[in-house]
Amino acid sequence: MLLFHAIAQRHTNREPFAPDPLPKELGAALQEAAAAEGAWLEFVDGEEARNGVADLVAEADRRQWADRHFRQELAHWVRPKHDAARDGIPLQEAGVQDWLSFAGPLLIRTFDRGGGMAAKDRDIAVHAPVLALLGTEQESRASWLAAGQALQHVLLKARTENVSASFLCQPVEVPELRGQLAALVGREAYPQVLLRMGYGPEVPAAPRRSPREMLIQHSTAHP
Ligand SMILES: Cc1cc2nc3c(=O)[nH]c(=O)nc-3n(C[C@H](O)[C@H](O)[C@H](O)COP(=O)(O)O)c2cc1C
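Keep in mind that what you see is a predicted model, and the values were worked out from it rather than measured. (Residues numbered from 1 in each chain as written. Predicted model: local features only at pLDDT ≥ 70, side-chain atom pairs only at ≥ 80, totals over all residues. Heavy atoms only, no water.)

Colleague: Break down the overall build of the protein chain for me, with residues and values.
Modeller: A tally of regular secondary structure across the protein chain gives 11 helices and six strands. Over its C-alpha trace the protein chain gives a radius of gyration of 18 Å, about what one expects of a compact globule, namely 17 Å for 223 residues. Projected onto its principal axes, the C-alpha coordinates of the protein chain cover approximately 60 × 45 × 35 Å. In the protein chain, which comprises 223 residues, the share counted as buried stands at 41%. In the protein chain, 80% of the contacts between residues at least 6 apart in sequence involve partners at least 24 apart. (Helix = DSSP H or I, 4+ residues; strand = E, 2+ residues; numbered from the N terminus. Rg over C-alpha atoms; globule rule 2.2 N^0.38 Å. Buried < 20%, exposed > 50% of the residue type's maximum accessible area, 1.4 Å probe, protein only. Contact = heavy atoms within 4.5 Å.)

Here it is as structure tokens:
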């Protein structure tokens, strides 16, 4: 399958994955894909590093959920079931099939569920068939752009081999934990995205705004 054809088939997949690891050649190809865009991709190897990463995910969950502004922003982007919005994350797909999917944005905004999320996400990280960290040598706007391109290249390449991914970016988002995350894969800097990868069931596409809504119309006066 071409990367082009994978564009329409790639979806963030928050369902449980089969325990199978990725073939070695695919791992190397994903690292090459990241490097081609000016970023690096490291796999979390060994029990100790995996537990370390899982602990950081859990710690970041606790810190983020303790922050009222974080909860407000999250509540703003999750969509209750059957919501007609063409953006955001539908709650039944957000990997939160516990009371959150029943409760909806109001309760997310109001209650610190950090402890529960931490335990759940720790479990997801520990049992992920593959954990991969994508990062850059520099921290600049240009490197963030490179990280985005590398992420898309890696995700599309993975999809061509029926490999899905979902995100566990919390420890990248908490500045005090970000350096520890890098150290666990033998890098000094700068982690940008933490991914869980593996073989999962097909999932539906997330809602999208139409391209028409995203275009800005400029009218230029001709002399
Ligand atoms: C940089 C980045 C970080 C993300 N972090 C998370 C995350 O922490 N948790 C999560 O559930 N999804 C995360 N996502 C996934 C988005 O929610 C997802 O891409 C969006 O819902 C669109 O769905 P799609 O990937 O299926 O097109 C992240 C996506 C990007 C690009």
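Colleague: An account of the site of the ligand is needed here, citing residue identities and associated values.
Modeller: Taken together, Arg10, His11, Thr12, Arg14, Ile89, Leu151, Phe167, Cys169, Ala206 and Arg208 are the residues near the ligand. For the ligand, an oxygen atom lies 2.4 Å from a polar atom in the side chain of Thr12. Between the ligand and the protein, one listed contact pairs an oxygen atom with a side-chain N or O atom of Arg14 at 2.9 Å. Contact with the protein chains hides 66% of the accessible area of the ligand, taken as 620 Å² for the molecule alone. (Near = heavy atom within 4 Å. Polar contact = N/O pair within 3.5 Å; in protein donor to acceptor, adjacent residues only side chain to side chain. Areas by Shrake-Rupley, 256 points an atom, 1.4 Å probe, with all protein chains shown as cover.)

Colleague: Any details on the packing of helix H3 (residues 47–65) against helix H7 (residues 114–127)? Residues and values, ideally.
Modeller: Viewed as axis vectors pointing N to C, H3 and H7 meet at an angle of 155°, and their least axial separation amounts to 8 Å. The angle between the axes of H3 and H7 places the two elements in the roughly antiparallel class. In terms of crossing hand, the pair formed by H3 and H7 is right-handed. Between H3 and H7, the contacting residues are Arg50, Asn51, Ala54, Asp55, Val57, Ala58, Asp61, Arg62 and Trp65 on the first element and Gly114, Met117, Ala118, Asp121, Arg122, Ala125, Val126 and His127 on the second. (Axes fitted to C-alpha atoms, helices over the stretch in contact; angles between N-to-C directions. Parallel < 35°, antiparallel > 145°, perpendicular 65-115°, else oblique. Left-handed = near helix turned anticlockwise from the far one by under 90°.)

Colleague: Quick one: what's the story with helix H10 (residues 175–184), residue by residue and with numbers?
Modeller: The set of residues buried in H10 consists of Leu177, Arg178, Leu181 and Ala182. The buried residues of H10 all sit within an arc of 145° when viewed along its axis, so they share a single face. Exposed side chains of H10 directed beyond 90 degrees from the buried face belong to Glu176 and Ala183. If you follow the buried residues of H10, they end up packed against H3, strand S4 (130–135), helix H9 (170–173) and strand S6 (191–198). Looking one or two places after H10, you find Gly186, whose phi comes out positive at around 75°. (Arc of directions from axis to C-beta.)

Colleague: Account for the packing of H3 against H10, naming residues and giving values.
Modeller: Following both chains from N to C, one finds H3 and H10 inclined at 170°, their axes separated by 10 Å at the closest point. One element, H3, and the other, H10, form an angle in the roughly antiparallel class. For the pair H3 and H10, the sense of crossing is left-handed. Residue-level inspection shows Ala49, Gly52, Val53, Leu56, Glu59, Ala60 and Arg63 of H3 in contact with H10, the latter providing Glu176, Leu177, Gln180, Leu181 and Leu184. Here the residues of the contact of H3 with H10 sort into seven nonpolar, two polar and three charged. (Nonpolar A, V, L, I, M, F, W, Y, C, P; charged D, E, K, R; others polar.)

Colleague: Quick one: what's the story with the packing of aromatic side chains, residue by residue and with numbers?
Modeller: Counting across every chain of the model gives one aromatic pair. Sitting over the ring of Phe17, Arg196 keeps its end group 3.6 Å from the ring centre. (Phe/Tyr/Trp six-rings, centres within 6.5 Å; stacked < 30°, edge-to-face > 60°. Lys NZ or Arg CZ within 6 Å of the ring centre and 35° of its normal.)

Colleague: Describe the nonpolar core, naming the residues involved and giving the relevant values.
Modeller: Ranked by internal contacts, the top residues of the largest apolar core, which has 22 residues, are Leu30, Leu41, Leu134, Val154, Leu195 and Met197. Looking at this core, the elements that each hand over two or more residues are helix H2 (24–36), S4, helix H8 (141–160) and S6. Tallying contributions element by element places H8 first for this core, with six residues. Here Val154 is in contact with Leu30, Ala33, Ala34, Leu41, Leu134 and Met197, once residues within four sequence places are set aside. (Core = buried A, V, L, I, M, F, W, Y, C linked by side-chain atoms within 4.5 Å.)

Colleague: I'd like a rundown of the side chain of Arg10, residues and numbers included.
Modeller: In this fold, Arg10 is placed in the loop between helix H1 (3–9) and H2. In this view, Arg10 contacts Gln152, Leu155, Leu156, Arg159 and Arg208; residues no more than four positions away in its chain are not counted.

Colleague: I'd like to hear about the pattern of salt bridges, residue by residue, with values.
Modeller: Considering all chains together, one arrives at 10 salt bridges under this definition. Across the salt bridge formed by Glu59 and Arg63, the nearest N and O atoms sit 2.9 Å from each other. Remark: Arg63 and Glu59 occur in helix H3; sequence separation between them is four residues, near one turn of the helix. (Salt bridge = Lys/Arg side-chain N within 4 Å of Asp/Glu carboxyl O.)

Colleague: Describe the sheet that holds S4, with residues and values.
Modeller: Judged by pairing direction, the sheet is antiparallel, and its four strands sit side by side in the order S1-S4-S6-S5 without closing on themselves. Only two strands of the sheet have a single neighbouring strand rather than two, namely strand S1 (40–43) and strand S5 (164–167). For this sheet the average axis-to-axis angle between neighbouring strands, irrespective of direction, equals 30°. Here S5 runs beside S6; their pairing, made up of four bridges, is antiparallel. Its bridge partner lying in S6, Phe167 is registered against Leu195. On the sheet, H8 packs against S1, S4, S5 and S6 and is oriented at approximately 5° with respect to S6. (Pairing = 2+ DSSP bridges.)

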